[in-house]
Amino acid sequence: MSYDLYLVHVPPDISAEAVGEIALAVAEGELPSEPLDSISADTRDRVVAALRASNPNLHPFVFDFADIAKLQEISESEARLRFQHVELNGPDDGNGIQITVYGTWASVTVPYWHQGPRAEIVWDEIWGYLRILSSVGGFQAYDPQLDRPLDLAIDRSEVILGYEQTVEATLRMVQSRSSQDARRPWWKFW
């Protein structure tokens, strides 16, 4: 489970509802089947360079197009068309943030691992990435958990609150499940 944010290019005068529709549509859409146009590819590359400059620990995932082609029973050239995005990940022992940058949209995800002061630190980092995605890529952030576009100047505390509430609810469910399992005799599997 992760907290997901979607970032899209939208006209400046578009309604909040329309931003949400666009963000959710691209997030659920199919992978591209034609090469990115030069403007979209340039946007992707500029954003990735800016993100990596802000945090050198972000590394792009290297796609094995031959393996993808084999697994999906497609040609290697089709695999290259479908996987034109860049997936940035921190170190294996990091905070779990993943940034995916396509030509015309992006996403940022963070697992529900962090609590208290650690959550604040992680969200400071994410907010920096959102600012880069907005300023360098021209993207508008949309939060499906809040069901609205984000105003990076004022919405950080509300996002963190929602994130932390979900972390706490998840922990309560796990603890409840563990206590139920502890009371069940070992021979009962159901």
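Structural data are supplied above this passage.
Each chain carries its own residue numbering, running from 1 in the written order of its sequence. pLDDT decides what is reported in this predicted model: residues at 70 or higher carry local features, side-chain atom pairs at 80 or more are listed and counted, and totals for whole chains, interfaces and linings draw on all residues regardless. The basis for every side-chain value is the complete set of non-hydrogen atoms in the structure, without hydrogens or water.

Draft legend 1. A look at the nonpolar core. Counting residues in hydrophobic clusters, the biggest one holds 33 residues, and the most contacted among them are Leu51, Ile99, Val108, Trp123, Ile126, Leu130 and Leu133. When contributions to this core are tallied by element, the ones reaching two or more residues are strand 1 (2-8), helix 2 (38-54), strand 3 (86-89), strand 4 (98-101), strand 5 (105-111), helix 5 (116-137) and helix 6 (156-183). Working definition: helices are DSSP H or I runs of at least four residues, strands are E runs of at least two. Numbering for both runs from the N terminus. A per-element tally of this core places helix 5 first, with 9 residues. In this text, buried Ala, Val, Leu, Ile, Met, Phe, Trp, Tyr and Cys residues form a nonpolar core when linked through side-chain atoms within 4.5 Å. Burial classes follow relative accessibility: with a 1.4 Å probe on protein chains only, a residue under 20% of its type's maximum area counts as buried, one over 50% as exposed, and anything between as partly exposed.

Draft legend 2. Spotlight on the pairing of strand 1. Across the 7 residues that make up strand 1, a large majority, 6, are buried. Paired strands, in this sense, are two strands between which DSSP finds at least two bridges. As paired strands, strand 1 and strand 6 (residues 140-143) are joined by 3 bridges and run antiparallel to one another. Residue Tyr6 lies in a different strand from strand 6, and its bridge partner there is Tyr142.

Draft legend 3. Broad picture of the side chain of Gln84. On the secondary structure map, Gln84 appears in the loop between helix 4 (76-82) and strand 3. You can call Gln84 buried: its relative accessible area is 16%. Polar contacts, as used here, are pairs of N or O atoms within 3.5 Å; protein pairs need one atom able to donate a hydrogen and one able to accept it. Residues neighboring in sequence count only if both atoms are side-chain atoms. A polar contact is formed between the side chain of Gln84 and the backbone oxygen of Leu81, at a distance of 2.6 Å.

Draft legend 4. Layout of the pattern of salt bridges. When a carboxyl oxygen of Asp or Glu lies within 4 Å of a side-chain nitrogen of Lys or Arg, that pair is called a salt bridge. For the structure shown, the criterion picks out 8 salt bridges. For the salt bridge of Asp45 with Arg44, the shortest nitrogen-to-oxygen distance reads 2.9 Å. Exposure remark for Arg44: the relative accessible area of 13% places this residue in the buried category. Glu76 is the partner of Arg80 in a salt bridge, and the nearest nitrogen-oxygen pair spans 3.2 Å. Taken together, the residues span about one helical turn, with Arg80 and Glu76 both in helix 4 at a distance of 4 residues. What emerges from the salt-bridge pattern is a single network uniting Glu120, Asp124 and Arg156.

Draft legend 5. Structural view of unusual backbone geometry. Backbone geometry at Glu73 places phi at a positive 55 degrees, although glycine is not the residue there. In this structure, Glu73 sits in the loop between helix 3 (65-72) and helix 4. A relative accessible area of 72% places Glu73 in the exposed class. In this structure, Asp147 is a non-glycine residue whose phi angle is positive, near 60 degrees. Given a relative accessible area of 56%, Asp147 falls into the exposed group.

Draft legend 6. Looking closely at helix 5. One less than the residue count of a helix, multiplied by 1.5 Å, gives the span that helix is expected to have. A rise of 1.5 Å per residue sets the reference length of helix 5, with its 22 residues, at 32 Å; its end C-alpha atoms lie 31 Å apart and thus fit the reference within 8%. For helix 5, every residue scored as buried is listed here: Ala119, Val122, Trp123, Ile126, Trp127, Tyr129, Leu130, Ile132, Leu133 and Gly137. A positive phi of about 75 degrees marks Gly138, the residue just after helix 5.

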